[in-house]
Amino acid sequence: MTTDYAKPLPEMTADNSPFWEGCKRHQLLLQKCSGCGHVRYASLTCPRCWSMDHQWVPSSGRGRVYTWIVVHQRYSKAFEEDLPYNVAIVELDEGPRLLTSLVQIENEAIRPDLQVEVAWDDVTDEITLPKFRPVS
Ligand SMILES: [Zn+2]
């Protein structure tokens, strides 16, 4: 674990802090609407019924690659040493899509619908990022 992590970190809010606290425990949590049962990723209201009532429920941590890009140009000095790096959207088995990074795979090997599972990256003492690796 590093204490001199120089990349941008997620902003904790009252609404998303249960998600990030779950990540710190290596538990991927999603919101399940108490009104209609729809499962979503960290948002204030349910996109289906607009209810604000929800429970945080554990995700399987598994999903598939929905889409991705490979970044070759330096947009941020903080990521320069990682070039070229991927930015992916993973669709979880429960439905929500997460913006993330794919790890333990060469960028050239990434394919649509690749089956992936969460791989925790403890970047600071407080923040753990959910990244994804191919299911072995
Ligand atoms: Zn709902």
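In short, a report on the structure. Model, not experiment: these values are computed from the prediction.

So, the overall build of the chain
- Looking only at helices and strands, one finds one helix and eight strands in the chain.
- Its C-alpha radius of gyration of 16 Å places the chain within 12% of the 14 Å reference for a compact globule of 136 residues.
- Within the chain, the fraction of its 136 residues that count as buried is 17%.
- Taking the contacts inside the chain whose residues are at least 6 apart along the sequence as the reference set, 48% of them involve residues at least 24 apart.

What about the sheet that holds strand S2 (residues 39-40)?
- Here three strands make up an open sheet; going across it, the order is S2-S1-S3 and the pairing antiparallel. Edge positions in the sheet fall to S2 and strand S3 (54-58), since each has one partner strand and no second.

A look at helix H1 (residues 17-24)
- Residues Phe19, Trp20 and Cys23 constitute the buried set of H1. Within H1, the buried residues cover an arc of 90° as seen down the axis, which keeps them to one side.
- Elements that come into contact with the buried residues of H1 comprise strand S1 (29-33) and strand S8 (128-134).
- Of the residues one or two after H1, His26 is the one with positive phi, at around 60°.

Concerning the nonpolar core
- Among the nonpolar cores identified, the biggest contains ten residues, and these are Leu28, Val65, Ala88, Val90, Leu92, Leu98, Leu102, Val116, Val118 and Phe132.
- Broken down by element, this core gets its largest block of residues, three residues, from strand S5 (residues 85-92).

Digging into unusual backbone geometry
- Here Leu83 and Pro84 are connected by a cis peptide whose omega angle stands at -15°.
- Take Pro84: it is sitting in the loop between strand S4 (62-71) and S5.
- Residue Trp50 is not a glycine yet carries a positive backbone phi of 70°.
- Looking at the element boundaries, Trp50 is found in the loop between S2 and S3.
- In this structure Trp50 comes out as exposed when scored by C-beta crowding, with 11 C-beta atoms within 10 Å.
- Unlike most non-glycine residues, Asp113 shows phi in positive territory, near 70°.
- Relative to the assigned elements, Asp113 resides in the loop between strand S6 (97-100) and strand S7 (115-122).
- Under the C-beta neighbour-count criterion, Asp113 is labelled exposed, with 9 such atoms within 10 Å.

Describing the sheet that holds S5
- Spatially, five strands are ordered S6-S5-S4-S7-S8 in an open sheet, and the strand pairing comes out antiparallel. A strand with exactly one partner marks an edge of an open sheet, and here the two such strands are S6 and S8. Mean inter-strand twist for the sheet, computed between neighbouring axes without regard to direction, equals 35°.
- Both S4 and S5 contribute to a ladder of eight bridges, which runs antiparallel.

So, how was this worked out
Residues numbered from 1 in each chain as written. Predicted model: local features only at pLDDT ≥ 70, side-chain atom pairs only at ≥ 80, totals over all residues. Helix = DSSP H or I, 4+ residues; strand = E, 2+ residues; numbered from the N terminus. Rg over C-alpha atoms; globule rule 2.2 N^0.38 Å. Buried ≥ 20, exposed ≤ 12 C-beta atoms within 10 Å, placed from the backbone. Contact = placed C-beta atoms within 7 Å. Pairing = 2+ DSSP bridges. Arc of directions from axis to C-beta. Core = buried A, V, L, I, M, F, W, Y, C linked by C-beta atoms within 7 Å. Axes fitted to C-alpha atoms, helices over the stretch in contact; angles between N-to-C directions.

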